[in-house]
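What follows is the residue order along each chain.
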Amino acid sequence: MCSKYNFTDNYTGNGVLMKLKSLIALMLVLLTFAASPFQFGAFTADAVSIKDAELAEVGYNIDILDKYISNADEFKEYILSEAMEFNESIYIGEYNIPMIEEVYTAIAYYLCKDIPEVFHVGSVGYAVAGDKLIQMNVQYLYTKEECNKMYAQCEAVANEMVADLVDAKNLTEAEKALLIHDRLALKCNYDKKLEHDNKFDIYGALIDGYAVCEGYTKAYIFLLNKVGIKSEICESDILNHSWNIVYIDGKPYHVDVTWDDVIGLAGEVYHDNFLLSSEALYEGGSELFDNAHAASDYDTTPQDTTYDNYYWRRSYSAFQYLDGELYYVDSTRCSINRVTDDGNEELYRSRARWNKYWNLYCRLSTDGEDLFYTTNRSVVLFNVDTLISSEIFTPEEVDSAGLEIYGFEYLDGHLICDLSATNNYYNAEVIRVDKLYEKKSNDELVVLPSSITLITPFEVVYCPVGSTINPANLQLEINYSDGSKKVVSEGFTVSELDSDTAGTKPVEITWEGMVTSFDVHVYVPGDANGDGKLSVADATAIQKYVASIVEFNDVQKAAGEVTGDNRLTVNDATKIQKYIVGIVQNLK
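Note that the coordinates shown come from a computational prediction; the quantities given were computed from them, not determined experimentally.

So, on to the overall build of the protein. Helix and strand counts for the protein come out as 15 helices and 31 strands. Evaluated residue by residue, the protein yields a buried proportion of 51% over its 588 residues. Contacts in the protein between residues at least 24 apart in sequence constitute 56% of all its contacts with a sequence separation of at least 6. With the model as given, the accessible surface of the protein reaches about 26500 Å², and the carbon-plus-sulfur share is 46%.

It is at 10 Å that the axes of helix H7 (residues 173-187) and helix H9 (residues 213-225) come closest, and there the two elements cross at 140°. In this view, H7 runs oblique relative to H9, as classed from their interaxial angle. The hand of the H7/H9 crossing is right-handed. Contacts from Ala177, Ile180, His181 and Leu184 in H7 reach Tyr216, Ala219, Tyr220, Leu223 and Leu224 in H9. Among the residues making up the contact of H7 with H9, the classes are represented as eight nonpolar, one polar and no charged.

With that settled, the discussion passes to the pattern of salt bridges. As a working rule, side chains carrying opposite charge can pair if their charged atoms are close by. By the definition in use, this model includes 20 salt bridges. Across the pair Lys226 and Glu155 runs a salt bridge, and its minimum N-O distance is 2.8 Å. Highlighted residues: Lys226 in the loop between H9 and strand S9 (231-236) and Glu155 in helix H6 (residues 144-162), separated in sequence by 71 residues. Among the ionic pairs, Asp418 bridges to Arg432, the shortest N-O distance being 2.7 Å.

Next up on the list: H6. For H6, spanning 19 residues, the distance from its first C-alpha to its last is 27 Å, which sits close to the expected 27 Å at 1.5 Å a residue. Within the sequence span of H6, burial applies to Cys147, Met150, Cys154, Val157, Ala158, Met161 and Val162. When H6 is viewed along its axis, its buried side chains cluster within an angular range of 125° and face the same direction. Exposed residues on H6 whose side chains face more than 90 degrees from its buried face are Glu145, Lys149 and Glu160. In this structure, the buried residues of H6 make contact with H7, helix H8 (202-208) and H9.

All chains considered together, the criterion is met by 31 aromatic pairs. Ring geometry for Phe119 and Tyr203: centres 6.4 Å apart, planes at 40°, overall tilted. Here Phe119 is found in the loop between helix H5 (101-114) and strand S5 (121-129), whereas its partner Tyr203 is found in helix H8, with 84 residues between them in sequence. Among the residues examined, Tyr203 registers a relative accessible area of 12% and is labelled buried. Aromatic side chains Tyr348 and Phe382 sit 5.9 Å apart centroid to centroid with 45° between the ring planes, which places their arrangement in the tilted category. Taken as a pair, Tyr348 in strand S16 (residues 345-349) and Phe382 in strand S19 (residues 379-382) lie far apart in primary sequence, 34 residues in all. Per residue, the accessibility class of Tyr348 equals that of Phe382, and both read buried. Through pairs of rings, three or more aromatic residues link up here, namely Tyr253, Phe274, Tyr307, Tyr310, Tyr311, Trp312, Phe319 and Tyr328. In this structure, Lys226 packs its charged tip against the face of Phe222, placed 5.1 Å from the ring centre.

So, about the confidence of the model for the protein. Per-residue confidence for the protein gives a mean pLDDT of 84; residues scoring 70 or more make up 87%. Here residues 1-46 is modelled with pLDDT under 50, and outside its nearest four sequence neighbours on either side it reaches 134 contacts, counting other chains as well. In this model, residues 52-59 is a region of pLDDT below 50 whose contacts with residues beyond four sequence positions or in other chains number 37 contacts.

A few words now on helix H15 (residues 570-581). If you check H15, its first and last C-alpha atoms are 17 Å apart, about what 12 residues at 1.5 Å a residue would give, namely 16 Å. Buried within H15 we find Asp572, Ala573, Lys575 and Ile576. Across the axial projection of H15, the buried residues extend over an arc of 165°, all falling on one side. Check the buried side of H15 and you find it contacts helix H13 (536-546) and helix H14 (554-560). Of the residues flanking the end of H15, it is Gly582, one or two places downstream, whose phi is positive at about 90°.

About the criteria used
Residues numbered from 1 in each chain as written. Predicted model: local features only at pLDDT ≥ 70, side-chain atom pairs only at ≥ 80, totals over all residues. Heavy atoms only, no water. Helix = DSSP H or I, 4+ residues; strand = E, 2+ residues; numbered from the N terminus. Buried < 20%, exposed > 50% of the residue type's maximum accessible area, 1.4 Å probe, protein only. Contact = heavy atoms within 4.5 Å. Areas by Shrake-Rupley, 256 points an atom, 1.4 Å probe, with all protein chains shown as cover. Axes fitted to C-alpha atoms, helices over the stretch in contact; angles between N-to-C directions. Parallel < 35°, antiparallel > 145°, perpendicular 65-115°, else oblique. Left-handed = near helix turned anticlockwise from the far one by under 90°. Nonpolar A, V, L, I, M, F, W, Y, C, P; charged D, E, K, R; others polar. Salt bridge = Lys/Arg side-chain N within 4 Å of Asp/Glu carboxyl O. Expected span 1.5 Å × (residues − 1). Arc of directions from axis to C-beta. Phe/Tyr/Trp six-rings, centres within 6.5 Å; stacked < 30°, edge-to-face > 60°. Lys NZ or Arg CZ within 6 Å of the ring centre and 35° of its normal. pLDDT = per-residue confidence, 0-100.

This is the structure in structure tokens:
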């Protein structure tokens, strides 16, 4: 991945992402029967030994078995059933399988990694008679009892993750795949230090909570299968990476959960790599994902572009499914939205700002009863029926250390907040705050403001170059999400006016993290024609305006009025001419 995010060592390199490391040369050596440890009459045992942890994901096509095995589907079901029974010796002589490298490697590939439920196979060896494979000799990583216990844990977690989606007839296949994509990204973290034994399988992704790309990919297949959505592995040896091809309404699309979980903040999920065509995947959706899939050795079957620029790409937080409705944050607008058949409905728009940036960092979560979202300062309870926002938690570090909330997730009764001093948090220190959530009654909730409005404008919204503004009588109207309002005349800050040059300059008013603004039109005194300089042409323009030959906008009127009588007349044109020739020393 991109070195600017300090993930190079985590996402690339020799064998970091892939469970299977290329052993082709080793297999060729092992084909020398003299080196075989056992002899069984007419055939040699363990002539080839393929270790799951040492083979590379080099894109073996399982369909190659159809070419060399007449009843390949039956064969695959047979060896799978034998492996699930932990049989160490599997007789395959009746299938008349030739001793060809791409065939025996494809068999091992199928058994070791093509089936998410099979995470207990450590290595596959073969016994050979002449030029035919006679027997598979399988070594297992766990006992049958250990594996059954581990698999039961995976089943329980997976069933819980998709329980509300299995019979959700109001959700499309794409929406189910979306929610599972997000839930997996929240459940699993990328194993950057490669510390976890099961990082390549569903146990690592679902139980340990740590995996590399192969673990993400298998877990996504495992979860999608529970809601009836077909998925398969897509991989690139050039990229040393794997992801999914997912079939939505019969059409294939690329999905890369690993890359969409790239940073790892609480509640942060990207959707730049979800349901893409091959062209869109190759090109990348943003600076963060440039060249992430720029290779020529993976399956490019997905061609449909329906979802290449879909609305979910504007969200950098997990989607939430609550009481049969789908909710999300539009990160470009910092708004809470509900997905409807007639188009997505905006329910609330936050005016919070992070480190002078409007977007990207609002996170959405749920406890199964309510929605929560974040401002830069606080966790907010959002009532989807009344649309009232109530502040429920502000980490003390927000005020004591000047930090802001960039990540958030409700998890098992706790409010998890990731705080940083900068929006460049992937290169900065992140502090995690874990707060036990204590639900409050409606009377105890503090209703959050939804917007602020300037109700007492400044006396001057048009001013000459070099001016300052006086906010002395400024008043704001605070609008609360329950419909109530109040007026304040203090407790806010006003930004300085940039009046060094002419133009329309914004002035911002900030109150408790919320921002509103208005424009000040800065002009060159006497510049009635608006060309940014003072000349006789301005006097001429005023004369034409007075004679109703031309029209002026408000800025031109303010710039042209130099006599101080608040009227634009020929006297202003005359004073400008006198100023130009030095008869008067100043304008106004």
